[in-house]
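Structure assessment
Chain by chain, the residues run as shown.
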Amino acid sequence: MGRILIACQGTSRQVYEYTYNDQKVVSKATFIAISKLLKDIEKVILFVTPQSRDVAEELIKEENLSVPVEYRDISSTDFEKVIENMFDCLDKNSNALIDLTQGYRHLPMLLLIATLIENIELEKKRNILFALEMERPANSKYGKSKFMNLTVYLDIAYFNQILYFFGKSVNMPLYLTKKIQDPELKKVGRELAKFSNFFFENNLPVLEREVSKLKTKLMDLVEDSKFHFSTIGIKKAIGFLEEIEKVKSSSHEAEKHLLLARIYNKRNYQLNAVTNLFEALLCIVEMLVKPSEFQKKKKKGSIYSIRNAYKRLLLDRKDKEPKLMEKYGKITVSRSEFDKKKLLEVEKRLKKILAEVDKIRNSMAHGFINKSKVRKADKLSQRIRDYIRETEELLNIVK
């Protein structure tokens, strides 16, 4: 299936030798030159004023253009009406080549704007050409122009958006990766998307395994001249990866989860944040359990199930206590370096935070089904931030 060439036409009749991919053709209009240089153009849609249409019709006859031409009148000075006309044309054609070289004053610019507005559907392909003047016509000799493919800059624009969203919120628009045509940019975009998925899965082991490799790849791009226009975005993405590296470098599991909780909460992913905060609290519960007692019972279930069991016992869930004690043994909160008063104080604070965080986690996980709690949701980020700070204080006491 061929492509549709969409272009503007002015009143110029200057002759140029146009070059594209080592092919040459002499013409007075870029839309004619492109139609002859590229064999897959099946139709031209030409935006014209009444004056430029007369010129276009004369040049088509003069240069024997065999490709059919559909004219679109854009004589109106109403910018929105012109853009709407162009947008409608783009919207109805899935595989289009855009020529921005010629046209009355502002029209090529409006065609570019319409292209950027419309170019969002994945199945639509857009390539943009512009004839760069190399020599002006002089002394009865024709000028020389070279067609430049500007699609690569559209790819760079998409890529920079991907980098920005990745560095800022990690929730990058995956569809932009699919829009990129450059293979190298597309590959990097896919790697960022993959890491983004791991991030939202709370997949800590994979994040720790992949973060340094991805950071090294991005750092190499900074030195690559091809990515010159993307340097700022790459550095923002690296900044986020360095936050994850701090998680990786932490030697304490509770600390890892607290760092992740801060990272998620800063970006307003409260469910992920409260999930990691809850895991950090369970780690602290484990630290307070008498070591020999815990190690002895650890073989009877997963780490998660045992931590959760001790959490329920710590919160005085009497209805569950006999069954849990039968499976895991009676919890013994004991740290020899604490005096009794200090131990009771830590246990009291831990119970309070654990109970509150557990409520938040359950409310969010169940879509705030308890409507009485919905009104508190707007302050959720601040509440989580406060609990993270309190949990960090507890961790510093017990570790």
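Above this text sits the structure in question.
Residues numbered from 1 in each chain as written. Predicted model: local features only at pLDDT ≥ 70, side-chain atom pairs only at ≥ 80, totals over all residues. Heavy atoms only, no water.

**Notes on the nonpolar core**
One broad rule of soluble globular proteins: the nonpolar side chains tend to lie buried together. The criterion, for reference: Side-chain atoms within 4.5 Å link the members of a nonpolar core, which is a set of buried Ala, Val, Leu, Ile, Met, Phe, Trp, Tyr and Cys residues. The rule is simple: take the accessible area with a 1.4 Å probe, protein chains only, and divide by the maximum for that residue type; under 20% is buried, over 50% is exposed, in between is partly exposed. For the purposes of this entry, the term helix denotes a DSSP run of H or I that reaches at least four residues, the term strand denotes a run of E that reaches at least two, and both are numbered from the N terminus. We call two residues contacting when some pair of their heavy atoms lies within 4.5 Å.
In terms of nonpolar packing, the biggest core is built from 84 residues, with Ile6 and Phe166 touching the most fellow members. Counting residues per element, this core draws most heavily on helix α11 (residues 270-288), which supplies 12 residues. In contact with Ile6, other than residues within four places in its own chain, are Ile45, Phe47, Cys89, Leu90, Ala96, Leu97, Ile98, Asp99 and Leu111. In this structure, Ala7, Tyr16, Tyr20 and Ile60 belong to the second largest nonpolar core, which totals 28 residues.

**Observations concerning unusual backbone geometry**
For Val170, which is not glycine, the phi torsion reads 70° and is therefore positive. Checked against the element boundaries, Val170 lands in the loop between α5 (151-168) and α6 (174-179). When its relative accessible area of 0% is taken as the criterion, Val170 is described as buried. The phi torsion at Asn268 lies on the positive side, around 65°, for a residue other than glycine. Among the secondary structure elements, Asn268 is positioned in the loop between α10 (253-266) and α11.

**Focus on the side chain of Arg3**
Position of Arg3 relative to the elements: it lies in strand β1 (residues 3-8). Among residues more than four places away in sequence, those in contact with Arg3 are Leu38, Asp40, Ile41, Glu42, Lys43, Asn95, Leu97 and Asn127.

**Concerning the packing of aromatic side chains**
Each aromatic ring pair is characterised by the separation of its centres together with the angle its planes make. Rules: A pair of aromatic rings is counted whenever rings of Phe, Tyr or Trp (Trp by its six-membered ring) have centres within 6.5 Å, and the orientation is called stacked for planes under 30 degrees apart, edge-to-face for over 60 and tilted otherwise.
As enumerated under the stated definition, the model contains 13 aromatic pairs in all. Ring centres of Tyr18 and Phe147 lie 5.3 Å apart, and the angle between their planes is 25°; on these two criteria the pair is classed as stacked. Note that Tyr18 is positioned in strand β2 (residues 16-20) and Phe147 in strand β8 (residues 143-149), a separation of 129 residues in sequence. For the residue pair Tyr18 and Phe147, the accessibility class agrees, reading buried in each case. Ring geometry for Phe159 against Phe227: centres 5.8 Å apart, planes inclined by 55°, an arrangement best described as tilted. In this pair, Phe159 sits in helix α5 while Phe227 sits in the loop between α8 (204-222) and α9 (231-249), placing the two residues 68 residues apart along the sequence. Judged on exposure class, the residue Phe159 and its partner Phe227 are both buried. Each residue in the set Phe166, Phe195, Phe199, Phe200, Phe240, Tyr264 and Tyr269 is aromatic and connected to the rest through ring pairs, giving one cluster.

**What about the packing of α11 against helix α16 (residues 380-398)?**
Quick note on the threshold: Angles run from 0 to 180 degrees between N-to-C directions of axes, and those axes are lines fitted to C-alpha atoms, restricted for helices to the stretch in contact. Roughly parallel means an angle under 35 degrees; roughly antiparallel means over 145; roughly perpendicular covers 65 to 115; every other angle is labelled oblique. In this scheme, a crossing is called left-handed if the near helix is turned counterclockwise away from the far one by less than a right angle; it is called right-handed if the turn is clockwise.
In the contact formed by α11 and α16, the axes pass within 10 Å of each other and the chain directions differ by 20°. In terms of their interaxial angle, α11 and α16 are classed as roughly parallel. Here α11 runs over α16; the crossing is left-handed. Contacts between α11 and α16 involve Gln270, Ala273, Val274, Leu277, Leu281, Ile284, Met287 and Leu288 from the first element and Leu380, Ser381, Ile384, Tyr387, Ile388, Thr391, Leu394, Leu395 and Val398 from the second.

**Quick look at α5**
The condition that has to hold: Take the number of residues in a helix, subtract one, and multiply by 1.5 Å to get its expected span.
With 18 residues, α5 extends 26 Å between its outermost C-alpha atoms, agreeing within 8% with the 26 Å of an ideal straight helix rising 1.5 Å per residue. All buried positions along α5 are accounted for by Thr151, Leu154, Asp155, Ile156, Tyr158, Phe159, Ile162, Leu163, Phe166 and Gly167. One or two steps after α5, the chain reaches Val170, where phi turns positive at roughly 70°.

**Here we look at the pairing of β2**
Threshold: Strands pair, by our definition, only if DSSP identifies at least two bridges between them.
Counting buried residues in β2 gives five out of five residues, a clear majority hidden from the surface. A two-sided burial pattern is seen for β2, the buried positions comprising Tyr16, Tyr18 and Tyr20 on one face and Glu17 and Thr19 on the other. Of the strand pairs in this sheet, β2 and strand β3 (residues 23-27) are connected by five bridges, and their pairing is antiparallel. Each residue of the ladder has a partner; that of Tyr18, found in β3, is Val25.

None of this, on its own, says anything about what the molecule does.
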